[in-house]
Amino acid sequence: NHPHQQHQSGSTPGQISPRSQGLSTRKELYERDFPVYKQPVEVGCFSLDSERRFFNDSRQMRYYVEPDRNPNFDLRDGYKDRFIKRDDSVKEKLDHILRWIVANRSKLNSRVTPASSCALDVDFVTWRGHLTKLLTTPYETREGWLLAVTRFRGTLYISEVETEAAHRERENRTERHEEMMYWGYKFEQYTCADNIHSLPDPGGVVNTNEAFCTVVQTRLADHRLLFSGEVDCRDKDPNAPAPPACYVELKTSAEICTPKQRSNLHRFKLLKWWAQSFLPGVPRVVAGFRDHEGVVVSTETFHISKISHLIKNEYNCWKPTVCMNFCCDFLSFVKHVATEDNPSVVYLFSWEPHRDVTYSIHRDSHYSFLPHWYVEEITS
Ligand code: 0WD
Ligand code: CA
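Right, let's walk through the structure included here. Nothing here was measured: the structure is a model prediction, and the numbers come from that model. (Residues numbered from 1 in each chain as written. Chains lettered and ligands numbered in written order. Predicted model: local features only at pLDDT ≥ 70, side-chain atom pairs only at ≥ 80, totals over all residues. Heavy atoms only, no water.)

Within the open sheet, the 7 strands sit side by side as β6-β18-β17-β16-β15-β5-β11. Their pairing is mixed. What marks the edges here is a single partner per strand, and that holds for β6 (73–74) and β11 (192–193). Helix-sheet contacts for helix α6 (residues 259–278) involve β16 (247–254), β17 (284–290) and β18 (295–303), and the interaxial angle to β16 is about 150 degrees. (Pairing = 2+ DSSP bridges. Helix = DSSP H or I, 4+ residues; strand = E, 2+ residues; numbered from the N terminus. Contact = heavy atoms within 4.5 Å. Axes fitted to C-alpha atoms, helices over the stretch in contact; angles between N-to-C directions.)

Here is the structure:
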């Protein structure tokens, strides 16, 4: 049962160390041709309302309204008195995606397969944000991750577990950090309208429970993926291309005053922005640049397809192919390791910077994350 022999096509075996049974994250090992990544197709969407209730529709969709050339958005406005913050100690795991699957199962079983093999016709179900973390792993030097995996009816479900370090970070945030987390949502309020005919309402309440999520299907080499990601807004032109091509991702970032700051944006932030939007096929990111007082003084649109050219001039920069090949090899590794098809078994993959990816196996533990209602629904 040597991992080299089981390793599937599309990746070289060198990354798996036989001694540690781990997967290397060294970037040099992933510099090969860009793997096949099929154009992501939106298969559905869902909304979470101001109380975090699930709706199988696009009621929380918002529409992008291009800001002035010289915006003057005060991102601190409303932090004290018009802000309802989602309780981030509540771990929702994959629950919203699973609810979407239950409500839309007929869209997923297109092929005729024996009832026992692959009930969903996909290999992996996860959040887009978890895949973003995988894409950026070969370049990450600060934060590790924990990913719980369960094989159920042939499909591998991947759900993040908060690390000790992330838990401590969350419980010990400074007041400044808490406020800066609000700035991103406030920028959304300045640039998004509720319908194509209305304008943004900066006087309203910011409620971070609300979300619009796209559900996309795609394939990375031989891995069939189904994942969901939160989408900030869409182009309000009714003639804009179909989703996900009409979607717009919004970001805020510190104002750029020196060539060194621009270089750092390219080398570190654009990696995260590219990975997050490339995965679901969102074509552009609009960045609001803010000063130290939290006032947005300019905006800039980054086209995802142009980012790889933008960064080519940077010394020692990240490469999209390394990100995609690492993710692909990690998914192959997961397929080989997580072999027992059992909703209460969790294979816990863990990674810390400068280390290999390792795993441990947990039966009927607090790591189990597929809810009974889901297991029942899919089994029946
Ligand atoms: O419970 C959990 N462990 C997680 C829940 C982990 C990751 C995600 N979620 C779910 C939530 O249901 C949320 O609606 O996150 C959804 C968004 O998922 P995603 O698109 O896969 O996440 P990601 O790409 O990391 O983040 C997209 C946006 C963020 O925007 P910026 O511009 O900052 O990247 O979703 C928000 C945030 O606005 N966001 C979250 N919202 C709710 N819960 C979370 C989170 N844990 N993380 C980011
Ligand atoms: Ca955003």
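The structure having been displayed, the exposition proceeds.
Let's shift gears to the site of ligand 1. Around ligand 1, 19 residues are found, and the nearest of them are Arg86, Arg128, Gly129, Glu230 and Lys251. When isolated, ligand 1 has an accessible area of 760 Å², and the protein chains bury 77% of it. Among the elements of the structure, α3 (128–136), β14 (223–230) and β16 are those that each provide at least two residues to the shell around ligand 1. Residues that form the shell around ligand 1 fall into these classes: 4 nonpolar, 6 polar and 9 charged. (Near = heavy atom within 4 Å. Areas by Shrake-Rupley, 256 points an atom, 1.4 Å probe, with all protein chains shown as cover. Nonpolar A, V, L, I, M, F, W, Y, C, P; charged D, E, K, R; others polar.)

A few words now on the packing of α3 against α6. Taken N-terminus to C-terminus, the directions of α3 and α6 make an angle of 135 degrees; their axes are 9 Å apart at the nearest point. Classified by the interaxial angle, the pair formed by α3 and α6 is oblique. With respect to the hand of their crossing, α3 and α6 are arranged in right-handed fashion. Residues Arg128, Thr132, Leu135 and Thr136 of α3 form the contact with α6, whose participating residues are Leu271, Lys272, Trp274, Ala275 and Gln276. The residue inventory of the contact of α3 with α6, partitioned by class, reads 4 nonpolar, 3 polar and 2 charged. (Parallel < 35°, antiparallel > 145°, perpendicular 65-115°, else oblique. Left-handed = near helix turned anticlockwise from the far one by under 90°.)

Turning our eyes to something else, we now look at the pattern of salt bridges. Under the counting rule described, the total for this entry stands at 27 salt bridges. One salt bridge in this structure joins Arg53 and Glu51, with 3.7 Å as the shortest N-O distance. Overall, Arg53 belongs to the partly exposed group, its relative accessible area being 44%. Overall, Glu51 belongs to the exposed group, its relative accessible area being 55%. In the salt-bridge network here, residues are joined through shared partners; they are Lys85, Asp88, Glu169, Arg173 and Glu178. (Salt bridge = Lys/Arg side-chain N within 4 Å of Asp/Glu carboxyl O. Buried < 20%, exposed > 50% of the residue type's maximum accessible area, 1.4 Å probe, protein only.)

A few words now on the sheet that holds strand β20 (residues 358–363). Taken together, 9 strands build an open sheet; the order of strands is β4-β3-β13-β14-β8-β10-β9-β19-β20 and the sheet is mixed. Two strands close off the open sheet at either side, each with one partner strand: β4 (54–55) and β20. Both strand β8 (residues 124–127) and β14 contribute to a ladder of 4 bridges, which runs parallel. Looking at the pairing, Trp127 lines up with Ser228 of β14. Sheet strands in contact with α3 are β8, β9 (145–152), β10 (155–161) and β14, and its direction is about 95 degrees off that of β8.

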